[in-house]
Amino acid sequence: MEAALGLLRRMPPKQSETALSALLSLLPQHSSDLLSQVDLPLQVLRDAESRKDFILCEYNRDADSYRSPWSNKHHPPLEDALYPSSELRKLEVEANDIFAIYRDQYYEGGISSVYMWEDDNEGFVACFLIKKDGSKSGHGRRGCLEEGAWDAIHVIQVGPEEEEMAQYCLTSTIMLSLTTDDEPSGKFGLSGSIRRQMKMELAVAEGHLCNMGRMIEELEGKLRNSLDQVYFGKTREMVCTLRPPAEIVQMRLPDS
């Protein structure tokens, strides 16, 4: 099981679904553990009633149907489907509206969805999702990307309130893949994923959404810095060592 999870962590996000399917065939006895611990690239579906896109994942799935956070209906329709309580659904609607503003300010586009459900500890769980297409045909194109995708999954477990305080456990996963294809540098691809966790005990005076929002903003900022400084920084260092730019090579050449 540990070897299977280690392999999936090292697979490019584009190939993770194929790798997971192969491992499920090899390790059927660990299927529930693999499905619960492995994050796959996010998919999108159109809600015809609200005319909005929503993100598909294991957290809004019931059998082979997915619940839309906008209309609160399953696609395709499903009998005896599970729904959050009326109080939690009200919080879910508010969270989707607020998170859409966060997405526009930080990502300049993309698609977001928020799902909430009760847990067995008298608290609840919230899942905040963002998918950004950075390819040439996607919204918010930047630079010379041929293909590009950013998938962010933030799952927060909120414990029951005790003396106006609550325990929050946030697990965030970022999956990034990009491909460039231009004449000077040729074709280059980079992809990977990173996961981190944060636990905090906070006062609920300002509401759960404020606390969850601050935690997501802080941890997502740390993840972006890690990707930029560690992953991209190390890649840039290795590429420039193996294939130094022409101006550096010229500076190293002895004068004739």
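Predicted model only: the values in this text are computed from it and were never measured.

A. Representation of the overall build of the protein chain within the structure. Summing up its helical and strand segments, the protein chain has 6 helices and 10 strands in all. Looking at the protein chain as a whole, 39% of its 256 residues are labelled buried. Contacts in the protein chain between residues at least 24 apart in sequence constitute 52% of all its contacts with a sequence separation of at least 6. Total accessible area on the protein chain stands at roughly 15700 Å², and carbon and sulfur atoms take up 52% of it.

B. The arrangement of the sheet that holds strand β7 (residues 124-133) in detail. Here we have 5 strands laid out as an open sheet, ordered β6-β7-β8-β9-β10, and antiparallel in their pairing. Only two strands of the sheet have a single partner each, and these edge strands are β6 (111-118) and β10 (186-203). Taking each pair of neighbouring strands and ignoring which way they run, the sheet shows an average axis angle of 10°. Sheet topology note: the strand β9 (residues 165-182)/β10 ladder contains 18 bridges and is antiparallel.

C. Structural view of the pattern of salt bridges. On inspection of all chains with the given rule, the structure shows 11 salt bridges. Its salt-bridge partner being R61, residue E58 comes within 3.1 Å of it at the nearest N-O pair.

D. A look at the packing of helix α4 (residues 86-107) against helix α5 (residues 208-242). At a closest axis distance of 12 Å, the pairing of α4 and α5 adopts a crossing angle of 30°. The orientation of α4 with respect to α5, classified from their angle, is roughly parallel. In this structure, α4 crosses over α5, and the sense of that crossing is right-handed. Counting all contacts with α4, which are made through L91, E94, A95, I98, F99, Y102, Y106 and Y107, the residues of α5 involved are L209, I216, E217, E220 and R224.

E. Inspection of the sheet that holds strand β5 (residues 74-75) at higher detail. If you walk across this open sheet you meet the 3 strands as β3-β4-β5, and the pairing is antiparallel. Two strands lie at the open edges of the sheet, namely β3 (61-62) and β5, each paired on one side alone. When β3 meets strand β4 (residues 65-67), the two strands line up antiparallel, connected through 2 bridges. Its bridge partner lying in β4, D62 is registered against S65.

F. The pairing of strand β2 (residues 52-56), seen in detail. Examined bridge by bridge, strand β1 (residues 43-47) and β2 share 5 bridges and lie antiparallel to one another. For L45, the partnering residue across the bridge sits in β2 and is F54. In textbook terms, the turn of a hairpin is the stretch between consecutive antiparallel strands, and for β1 and β2 this stretch comprises 4 residues, one of which, R51, has a positive phi near 60°.

G. Representation of the confidence of the model for the protein chain in the model. Put simply, the protein chain has an average pLDDT of 84, and 89% of its residues get 70 or more. Predicted confidence in the protein chain is weakest over helix α6 (residues 246-252), with a mean pLDDT of 57, and strongest over β6, with 95.

About the criteria used
- Residues numbered from 1 in each chain as written.
- Predicted model: local features only at pLDDT ≥ 70, side-chain atom pairs only at ≥ 80, totals over all residues.
- Heavy atoms only, no water.
- Helix = DSSP H or I, 4+ residues; strand = E, 2+ residues; numbered from the N terminus.
- Buried < 20%, exposed > 50% of the residue type's maximum accessible area, 1.4 Å probe, protein only.
- Contact = heavy atoms within 4.5 Å.
- Areas by Shrake-Rupley, 256 points an atom, 1.4 Å probe, with all protein chains shown as cover.
- Pairing = 2+ DSSP bridges.
- Axes fitted to C-alpha atoms, helices over the stretch in contact; angles between N-to-C directions.
- Salt bridge = Lys/Arg side-chain N within 4 Å of Asp/Glu carboxyl O.
- Parallel < 35°, antiparallel > 145°, perpendicular 65-115°, else oblique.
- Left-handed = near helix turned anticlockwise from the far one by under 90°.
- pLDDT = per-residue confidence, 0-100.

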